[in-house]
Amino acid sequence: MNFTRWSARLPRTQRRTAARADRAARRPQPAAAGGGSGSVPAARGERSDPSDRGEPPPGAAAQALEDGLPTAVPTLDGLSVHDVLGQVPALVAVVYGPDHRIAYVNDSYTAIFGARTPGAAARQALPELQELGLLPLMDQVLRSGRPRTVKSRRVSGARAGAAPGAEAAAAGSGAASPASAGGRVRHGYYTFTCSPIEMAAPLPAPALAPAVAPAAASSGPDSASSSTPEADADTVTHTEADAGTVADAAAPVAAPGTGQAPSMLGPRAEQPRLRGVLVFGADVTDQVEAAERLRASERLQRQAAVTLQRSLLPQELEQPDDLRVAATYQPGGTDAAVGGDWYDVITLGAGRTALVIGDVMGRGVRAAAVMGQLRTAVRAYARLDLPPHEVLQLLDGLAAEIDPSQIATCVYAVHDPNENRLVYASAGHLPILVRDPDGTVSRAAEPTGPPLGTGGWLHTSASLPFGPGSSAVLYTDGLVERRDKDIYEGVAALERVFAGATGTPQVMCDRLIRALGITAEHDDDVAVLVLQHPARTGHDAELFHNAALDLLGGVEAAPRARAFASGVLASWRFPMELRDLGVLAASELVANSLQHGVPPMRLRLRRTDRRLIIEVTDGDEHLPRRRRAEPADEAGRGISIVATIASSWGSRRTPGGGKAVWCEFALPAG
């Protein structure tokens, strides 16, 4: 019985006694002192009385360790290579010579790949090494004398628990192998290290005979265990049972043609050396499977994060009547930490369109959540039809309330087809690029305000010309920023690419992405928004018209407005029903302006391919509200009538002071 496994359960005195008894049972018994003349003297380490040579009694070292006293370091000279490598829970194979002949394989190797013939060349006897790509590596180890390692190689072997050599025995007898007999085939991953070693070359058989014969003749039945360690290291034993394995430290496998194999303990002085390779395969199946599970989990997390990010972005862009718009978003990197880039297109009414792009600093779900809240807030503020700088002013305060540790950059721009300009405000964002019809690219001025979330700053608005035939691009820093370059070098590169980009907005987005080297492995999120103001000719031009009438006030303003609207709508060949509704809406809006506004006043009619827009402007800044009029009220029904007959209506303050009130009618299909 091995008392070691029970030593933790025994009292202190019993544990020391059990350890001494275990060591005494394992120690070889020395031969009698007065043996025959041919007997071998007992080794020094096997004397029965330790006190004769001044050594401490048995158990003294263990007692010293338990008492915390310093002890002598045990020697490892007597360790058996066979015992060490045979008990290692790894695949071990020892080969020698330029053709890598087999010197030794341990039980773990045999259990996986089956028994192997000693002395056979590895190319024929170890095909698994060829499949794993280790033979060229072993050649390099022999040439360079340096170890080489290959990591995580997949190994397919016999089913777990199969007896060593069962596969080979089954193949030789024609029976079904354990792996094919319904057993579980073992697939694992191993990291193989090939290390150079040197072994003592085997002595020829005639040279060994004189050394072996006297020992055999002089040893009686009781003297087999009385050999010294020196004699054991130089004596080579051969039995049929030991073929193919190293029986002990002094009994390696026989090499073909000589009957002997190289010794793995170290060369003797009179023996030449053989260079070989120790192949050590450590089982890393658990680590590989854990890493694969981690990668699968990260893929699922990334998919969830990207899904969250994309769900917070517009699923389909609104398409204004006067603009062509497309956008592209590409998440950066391969981890689950998506960024906070976003974009949006918002139709404001009366033909005006808001275009937004922004970037929340940082990565992860938190950044995406802040981005979603900011995008929702932008849409809500846009419905108020405020100037761009006022929208960013509101966003600035909201961003500080959402998360004081987060800041974001943003550009909010508004396109008005009546003015052919792009009015914008920038909160620390990169400049808008506008390409004129002649191909000239202009860059917007520096940001009109600091990033959102900083607080305490006033934002302002600026404008850019954006007439028919022009294009513009809004983008986040992931498109132009590189770790080894200044960000404005990337902006300059984007200008050059944008100057030559043609096609639809979606085609232009894709070309910009490719031209600036954005791939799936790019480490930052990228959002790009491209808009075009097409120059219409021919039949398309007939679908877009504008007409305006300045009103001076007075009692004749309303009749003039009705007559002007009736004539213009008739010239645009609208159906009679739509013409009557348009005239009624124009009359009510002008009457409301005459009653509640101040000059100057203007009536504007505009048609697109999808809607009729009627707008009245005046010099008063008070915005009308729709209210419920009582039966006895003589006023207050004009806006309610307009809201009832029109598809939509709204009002806004104009930059120069005053207001604009508008309504829209959807055109019939065809």
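Our structure is the block above this text.
Residues numbered from 1 in each chain as written. Predicted model: local features only at pLDDT ≥ 70, side-chain atom pairs only at ≥ 80, totals over all residues. Heavy atoms only, no water.

Peer 1: Sorry if this is basic, but what is going on with the overall build of the protein chain here?
Peer 2: The secondary structure content of the protein chain amounts to 19 helices and 20 strands. Evaluated residue by residue, the protein chain yields a buried proportion of 42% over its 670 residues. (Helix = DSSP H or I, 4+ residues; strand = E, 2+ residues; numbered from the N terminus. Buried < 20%, exposed > 50% of the residue type's maximum accessible area, 1.4 Å probe, protein only.)

Peer 1: Explanation requested: the sheet that holds strand β18 (residues 611-618) in the structure shown.
Peer 2: Remark on secondary structure: sheet strands pair via backbone hydrogen bonds, oriented parallel or antiparallel. Strand order in the open sheet made by the five strands is β16-β17-β18-β20-β19, with antiparallel pairing throughout. Strands at the two margins of the open sheet, each flanked by one partner only, are β16 (545-551) and β19 (648-653). Between one strand and the next, the sheet's axes are offset by a mean angle of 15°, whatever the strand orientation. In the sheet, strand β17 (residues 601-607) pairs with β18 via six bridges, with the strands oriented antiparallel. Each bridged residue has a counterpart across the sheet, and for Arg606 the counterpart in β18 is Ile613. Relative to the sheet, helix α17 (residues 557-571) contacts β16, β17 and β18, its axis offset from that of β16 by approximately 165°. (Pairing = 2+ DSSP bridges. Axes fitted to C-alpha atoms, helices over the stretch in contact; angles between N-to-C directions. Contact = heavy atoms within 4.5 Å.)

Peer 1: So what exactly am I meant to see when it comes to the sheet that holds strand β14 (residues 470-475) here?
Peer 2: One open sheet holds the five strands; their spatial order is β6-β15-β14-β11-β12, and the pairing between them is antiparallel. With partners counted over all chains shown, the strands left at the sheet margins are β6 (324-330) and β12 (441-443), one partner each. On average, each strand axis in the sheet is tilted by 15° relative to the strand beside it, whichever way the strands run. Across six bridges, β14 lies against strand β15 (residues 526-533) in antiparallel orientation. Along β15, the bridge assignment pairs Leu474 with Leu529.

Peer 1: How do you make sense of the pattern of salt bridges when you look at a structure like this?
Peer 2: Two side chains carrying opposite charge are able to pair once their charged atoms lie near each other. A complete count under the given rule lists 21 salt bridges for this structure. Here Arg116 and Glu128 are joined by a salt bridge, their closest N and O atoms 2.9 Å apart. Of the two residues, Arg116 is situated in the loop between α4 (107-113) and α5 (122-125) and Glu128 in helix α6 (residues 127-131); the sequence distance between them amounts to 12 residues. With relative accessibility at 6%, the residue Glu128 sits in the buried group. A salt bridge links Arg366 to Asp403; the nearest nitrogen and oxygen atoms lie 3.1 Å apart. Remark: Asp403 occurs in the loop between α13 (388-402) and β9 (408-416) and Arg366 occurs in helix α12 (residues 365-382); sequence separation between them is 37 residues. (Salt bridge = Lys/Arg side-chain N within 4 Å of Asp/Glu carboxyl O.)

Peer 1: How do you make sense of the packing of helix α11 (residues 285-312) against α12 when you look at a structure like this?
Peer 2: How two helices pack is summed up by the angle between their axes together with the distance between the axes. Relative orientation of the contacting elements α11 and α12 amounts to 10°, with a least axis distance of 9 Å. The orientation of α11 with respect to α12, classified from their angle, is roughly parallel. From α11, Leu308, Gln309 and Leu312 reach across to α12, where they touch Val365, Ala368, Met371, Gly372 and Arg375. Counted by class, the contact of α11 with α12 contains five nonpolar, two polar and one charged residues. (Parallel < 35°, antiparallel > 145°, perpendicular 65-115°, else oblique. Nonpolar A, V, L, I, M, F, W, Y, C, P; charged D, E, K, R; others polar.)

Peer 1: When you look at the pairing of β6 in this model, what are you seeing that I'm missing?
Peer 2: Side chains on a regular strand alternate between the two faces of the sheet. Within β6, six of the seven residues are buried, which leaves it mostly tucked inside the rest of the structure. Bridging between β6 and β15 involves seven bridges; their strand directions are antiparallel. Of the residues in β15, the one forming a bridge with Val325 is Leu531.

Peer 1: Before we go on, may I ask you to explain unusual backbone geometry in this structure?
Peer 2: For residues besides glycine, phi is generally negative; the peptide bonds are generally trans as well. At the junction of Pro599 and Pro600, the peptide bond is cis and its omega measures out at 0° in the coordinates. Tracing the backbone shows Pro600 in the loop between α18 (576-596) and β17. A positive phi is found at Ala350, a non-glycine position, where the angle reads about 60°. Mapped onto the fold, Ala350 is located in the loop between β7 (339-349) and β8 (352-363). Look at Arg573: it is not a glycine, yet its phi comes out positive at around 60°. Tracing the sequence through the fold places Arg573 in the loop between α17 and α18.

Peer 1: Even after reading the chapter, I still don't get the packing of aromatic side chains, so can you show me in this structure?
Peer 2: The description of two aromatic rings rests on the distance between their centres and on the angle between their planes. Here the structure, examined in full by the defined rule, presents three aromatic pairs. With a centroid separation of 4.9 Å and an interplanar angle of 50°, the aromatic rings of Tyr109 and Phe113 are classed as tilted. With a gap of four residues between them, Tyr109 and Phe113 both fall in helix α4, about one helical turn apart. Measuring from ring centre to ring centre gives 6.1 Å for Tyr190 and Phe192, while their planes differ by 35°; the resulting arrangement is tilted. Residue classification places Tyr190 among the buried residues on the basis of a relative accessible area of 4%. Here the basic side chain of Arg435 rests over the ring of Phe498, its NZ or CZ set 5.3 Å away from the ring centre. The ring of Phe544 is capped by Arg536, whose NZ or CZ atom sits 3.9 Å from the centre of that ring. (Phe/Tyr/Trp six-rings, centres within 6.5 Å; stacked < 30°, edge-to-face > 60°. Lys NZ or Arg CZ within 6 Å of the ring centre and 35° of its normal.)

Peer 1: It is not clear to me how the environment of Gly619 should be interpreted in this structure. Could you clarify?
Peer 2: Mapped onto the secondary structure, Gly619 falls in the loop between β18 and α19 (638-645). Its relative accessible area of 30% is what places Gly619 among the partly exposed residues. Taking the C-alpha atoms as reference points, Gly619 and Pro600, separated by 19 residues in sequence, lie 5.8 Å from one another. Beyond its immediate sequence surroundings of up to four residues, Gly619 is in contact with Val598, Pro599, Pro600 and Gly658.

Peer 1: Help me understand the packing of α12 against α13, please; the structure alone is not making it clear to me.
Peer 2: Running from N to C, α12 and α13 cross one another at 145°; their axes reach a closest spacing of 10 Å. The hand of the α12/α13 crossing is right-handed. Residues Arg366, Val370, Gln373, Leu374, Ala377, Val378 and Tyr381 of α12 touch α13, and the partners they reach there are Val391, Leu394, Leu395, Leu398, Ala399 and Ile402. Of the residues in the contact of α12 with α13, the class split is 11 nonpolar, one polar and one charged. (Left-handed = near helix turned anticlockwise from the far one by under 90°.)

Peer 1: Explain the nonpolar core to me, please; I cannot follow it from the model alone.
Peer 2: One broad rule of soluble globular proteins: the nonpolar side chains tend to lie buried together. Core analysis: the largest hydrophobic core is formed by 51 residues, its most contacted members being Leu374, Leu395, Tyr412, Ile432 and Leu529. Element by element, the count of residues in this core is highest for α12, at eight residues. If we ignore the near neighbours within four places in the chain, the residues touching Ile432 are Val411, Ala413, Tyr424, Ser442, Arg443, Ala444, Leu464, Ala472, Val473 and Leu474. Counting residues in hydrophobic clusters, the runner-up holds 28 residues, among them Leu549, Val568, Ala586 and Phe665. (Core = buried A, V, L, I, M, F, W, Y, C linked by side-chain atoms within 4.5 Å.)

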